[in-house]
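# Working through the structure, step by step
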Amino acid sequence: MSKKKLDGIGVGNLLDNIPIPAFIINTDHVITHWNISLEIASGLASRDVVGTQDQWRPFYKTKRPTMADLIVSGVQTSELDQFYAAKYHPSDVLPGAFMAEDFFPDIGKGGEWLSFTASPIKDANGDLIGAIETLVVITDRKKAEFELTEREKRYRELSQVDDLTQLYNSRHFYNELESELERARRYKQPLSLCMLDLDFFKRLNDNFGHPFGDQVLRKLGSLIKLHLRSVDSAYRYGGEEFAIIMPQVELQNAFTAVERLRLELSEVDFRTPTGEVVNVSLSAGLTCAEGADSTGSLVSKADKALYRAKRSGRNRTCF
């Protein structure tokens, strides 16, 4: 009976003249209309699917409800969540209709992204007699969105990373230090901070040129990254000054790690533009967060330890 009512509404010719793939099912979940655009998109002829419940075939490997099926069954949020998770939302225009976007790996060679809308069809008395579902291929748009998201992500990374050393910059340092300090307080875990500075760096630039100085900065950046644990983070804090945040590390263990870095840098042979071999040293200051510390006080303590290392003759690590 539902099928008869749908056959009598005269939509067949209308559906065949729109460029959007569409199908209609009745309240028995039987296909009553399958337009030409959907024939082309799905590779299934209308004569082969009308009168069946095969509306799932172009989209899924095994039988499951389409959104139109959920409409005629009486839409339940639990079912929408089960089949479409967070991919759907009610239509802003059509009462009782739902829209969704999803990736269909079984369509075409590499899969397609589709945007689809399912709407209830009612008779003159307002009784539900079926549902119509329309589909639009949006693969190109989704690819463009993903590319934009990736570019934005890369931009954010670049805005936080120093080009020369590939370490985070000072702008990012304070945000992360605040976050790690709060985490250390909450979980009562140690947090060590190291501030380190290349010794006589201005003299290196003056004697051998800025490209040589950049070479030293790049090498130190790579050595720092090599010695970092996955939970540590390192920053180019200033011109030749660096910072390392070391969560969950007691001061003595942090000292051991920084000393290893200092000694390794001192053994690197840097070759100047004239062929001379030069060795470079660094001074480091270490501190560990205490209960009353703020980011400012923690940095201040690490800086004082760094200045102590420099006053004591450089090329050393001080608490």
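Being a predicted model, the structure only gives us computed values, none of them experimental. (Residues numbered from 1 in each chain as written. Predicted model: local features only at pLDDT ≥ 70, side-chain atom pairs only at ≥ 80, totals over all residues. Heavy atoms only, no water.)

## Regarding the environment of alanine 305
What counts here: The helix and strand labels rest on DSSP assignments: H or I over at least four residues marks a helix, E over at least two residues marks a strand, and numbering proceeds from the N terminus. Using a 1.4 Å probe on the protein chains alone, a residue whose accessible area is under 20% of its type maximum counts as buried, one over 50% counts as exposed, and one in between counts as partly exposed. When checking whether two residues touch, look at their non-hydrogen atoms; a contact exists if any pair is within 4.5 Å.
Positionally, alanine 305 belongs in helix H12 (residues 295-311). In this structure alanine 305 comes out as buried when scored by relative accessible area, which is 3%. Once the C-alpha coordinates of alanine 305 and cysteine 194 are considered, the two residues, 111 residues apart in sequence, prove to be 9.0 Å apart. In contact with alanine 305, not counting residues within four places along its chain, are Ala284, Gly285, Leu286, Cys318 and Phe319.

## Quick look at the pairing of strand S4 (residues 98-104)
What counts is decided by this rule: Between any two strands, at least two bridges found by DSSP are needed for them to pair.
Burial along S4 is one-sided: Phe98, Ala100, Asp102 and Phe104 are buried, while Met99, Glu101 and Phe103, pointing the other way, are not. With three bridges connecting them, strand S3 (residues 88-90) and S4 associate as antiparallel partners. The partner of proline 90 across the bridge, within S4, is phenylalanine 98. Bridging between S4 and strand S5 (residues 112-122) involves seven bridges; their strand directions are antiparallel. Counterpart to methionine 99 in the pairing with S5 is threonine 117.

## Topic: the side chain of threonine 32
In plain terms, the rule: We define a polar contact as two N or O atoms separated by no more than 3.5 Å, with the added condition that, inside protein, one atom must be a possible hydrogen donor and the other a possible acceptor, whereas residues neighbouring each other in sequence contribute only through side-chain atom pairs.
Summarising the element assignment, threonine 32 is placed in strand S2 (residues 31-34). For threonine 32, a relative accessible area of 6% gives the class buried. Here histidine 33 takes part through its side chain, which lies 2.9 Å from a polar atom of the side chain of threonine 32.

## With respect to the sheet that holds strand S1 (residues 22-26)
How we decide: A fitted line through C-alpha atoms represents every axis, and for helices the fit uses only the stretch in contact; the resulting angles, taken between N-to-C directions, go from 0 to 180 degrees.
Pairing in this open sheet of six strands is antiparallel, and the strands run S2-S1-S6-S5-S4-S3 from one edge to the other. Looking at the sheet topology across the chains shown, the edges are occupied by S2 and S3. The mean angle between the axes of side-by-side strands here comes to 20 degrees, regardless of whether they run parallel or antiparallel.

## Notes on the pattern of salt bridges
In plain terms, the rule: For salt bridges, the criterion is a side-chain nitrogen of Lys or Arg within 4 Å of an Asp or Glu carboxyl oxygen.
Applying the stated criterion across every chain yields a total of 17 salt bridges. A salt bridge links glutamate 145 to arginine 141; its shortest N-O distance comes to 2.5 Å. Of the two residues, glutamate 145 and arginine 141 both sit in helix H7 (residues 139-160), four residues apart, roughly one turn of that helix. In this structure glutamate 145 comes out as partly exposed when scored by relative accessible area, which is 30%. When the shortest N-O distance is used, the salt bridge between lysine 310 and aspartate 197 registers 3.1 Å. Here aspartate 197 lies in strand S8 (residues 191-198) and lysine 310 lies in helix H12, a separation of 113 residues in the sequence.

Scope: geometric values only; no functional claims are made or implied.
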